[in-house]
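Now for the letters of each chain:
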Amino acid sequence: MNGRAEWNAQRAQAIIDGNRHLRGALLPILHALQEEFGCIDEAAVPMLARSMNLSRADVHGVISFYHDFRRERPGRHTIKVCRAEACQASGCDSLIGHIERSLGVEMHGTTDDGAFTLEPVFCLGNCALGPAAMIDGDLHGRVTPARFDALVAETLASENPQ
Ligand code: FES
């Protein structure tokens, strides 16, 4: 699920303090911050460095090494498209081309209207039913361009139920 809370330094410090006793605490803390706020706010970096006795460069290095961590708030909906081998064999590249053209956004990007963030993943565990995609945590198989367009329309329609 996308974190929706606005950035809040006190809340962020509580998350850091609540997890920093863990072994290898930086990664779980980063995941928890992203879960709460939807991204790793720049303001979290000095807080993490101070709390964990690291340099800011160390913290930045870890954030940029792992592609899971976002620096900006995501769109209202997250679309993950599988790029792993089985889905490649069933045509995910042309599906991705369609998605990027139809949404007007590239992988890792967010549409201008803030509706969708597009992310690649490597296997959704649905290999027999590729190409596979996940929208807001719901898994879809055999996603054709037409089916993708229908899923996007359904997702938008669900924002304003009649
Ligand atoms: S390879 Fe795409 S779901 Fe496994």
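Heads up: the structure comes first, above all this text.
Presented here is an overview of the structure given in this document. (Residues numbered from 1 in each chain as written. Predicted model: local features only at pLDDT ≥ 70, side-chain atom pairs only at ≥ 80, totals over all residues. Heavy atoms only, no water.)

Here's the deal with the pairing of strand β1 (residues 77-82)
Reasoning step 1: Of all 6 residues making up β1, 5 are buried, and the element is well covered by its neighbours.
Reasoning step 2: Pairing geometry for β1 and strand β2 (residues 116-121), over 6 bridges, is parallel. Following the sheet pairing, I79 is matched in β2 by L118.
Reasoning step 3: Both β1 and strand β3 (residues 133-135) contribute to a ladder of 3 bridges, which runs antiparallel. In the sheet register, I79 faces β3, and the bridge partner there is I135. (Buried < 20%, exposed > 50% of the residue type's maximum accessible area, 1.4 Å probe, protein only. Helix = DSSP H or I, 4+ residues; strand = E, 2+ residues; numbered from the N terminus. Pairing = 2+ DSSP bridges.)

Describing the packing of aromatic side chains
Any two aromatic rings considered together are summarised by their centre-to-centre distance and by the angle between their planes.
Reasoning step 1: The final tally for this structure, using the stated rule, is 3 aromatic pairs.
Reasoning step 2: Ring centres of W7 and F37 lie 5.1 Å apart, and the angle between their planes is 55°; on these two criteria the pair is classed as tilted. One end of the pair, W7, is in the segment before α1 (9-19); the other, F37, is in helix α2 (residues 26-37), with 30 residues separating them in the sequence.
Reasoning step 3: Judged by its relative accessible area of 27%, W7 falls in the partly exposed class.
Reasoning step 4: The exposure class assigned to F37 is buried, which follows from its relative accessible area of 2%.
Reasoning step 5: Taken together, the aromatic side chains of F65, Y66 and F69 make up a single cluster linked through ring pairs. (Phe/Tyr/Trp six-rings, centres within 6.5 Å; stacked < 30°, edge-to-face > 60°.)

A few points about the packing of helix α3 (residues 44-52) against helix α4 (residues 56-65)
Reasoning step 1: At their nearest, the axes of α3 and α4 sit 8 Å apart, and the two run at 115° to each other. Viewed along their axes, α3 and α4 form a crossing whose handedness is right-handed. Residue-level contacts link V45, P46, L48 and A49 of α3 to R56, V59, H60 and I63 of α4.
Reasoning step 2: Tallied by class, residues from the contact of α3 with α4 come to 6 nonpolar, 1 polar and 1 charged. (Axes fitted to C-alpha atoms, helices over the stretch in contact; angles between N-to-C directions. Left-handed = near helix turned anticlockwise from the far one by under 90°. Contact = heavy atoms within 4.5 Å. Nonpolar A, V, L, I, M, F, W, Y, C, P; charged D, E, K, R; others polar.)

What to know about the nonpolar core
Reasoning step 1: The biggest cluster of nonpolar side chains holds 24 residues, and the ones touching the most others in it are I79, V81, C82, I99, L103, L118 and F148.
Reasoning step 2: Counting only elements with at least two residues in this core, the list comes to β1, α6 (92-103), β2, β3 and α7 (145-157).
Reasoning step 3: Residue contributions to this core peak at 5 residues, all from α6.
Reasoning step 4: Residues contacting I99, with those up to four places away along its chain left out, are V81, G104, L118 and F148. (Core = buried A, V, L, I, M, F, W, Y, C linked by side-chain atoms within 4.5 Å.)

Some words on unusual backbone geometry
Reasoning step 1: Cis rather than trans, the peptide bond between G130 and P131 has omega equal to -5°.
Reasoning step 2: When you line up the elements, P131 lands in the loop between β2 and β3.
Reasoning step 3: With a phi angle near 85°, C123 is a residue other than glycine that sits in the positive phi range.
Reasoning step 4: For R142, which is not a glycine, the phi torsion comes out positive at approximately 45°.
Reasoning step 5: On the secondary structure map, R142 appears in the loop between β4 (138-140) and α7.

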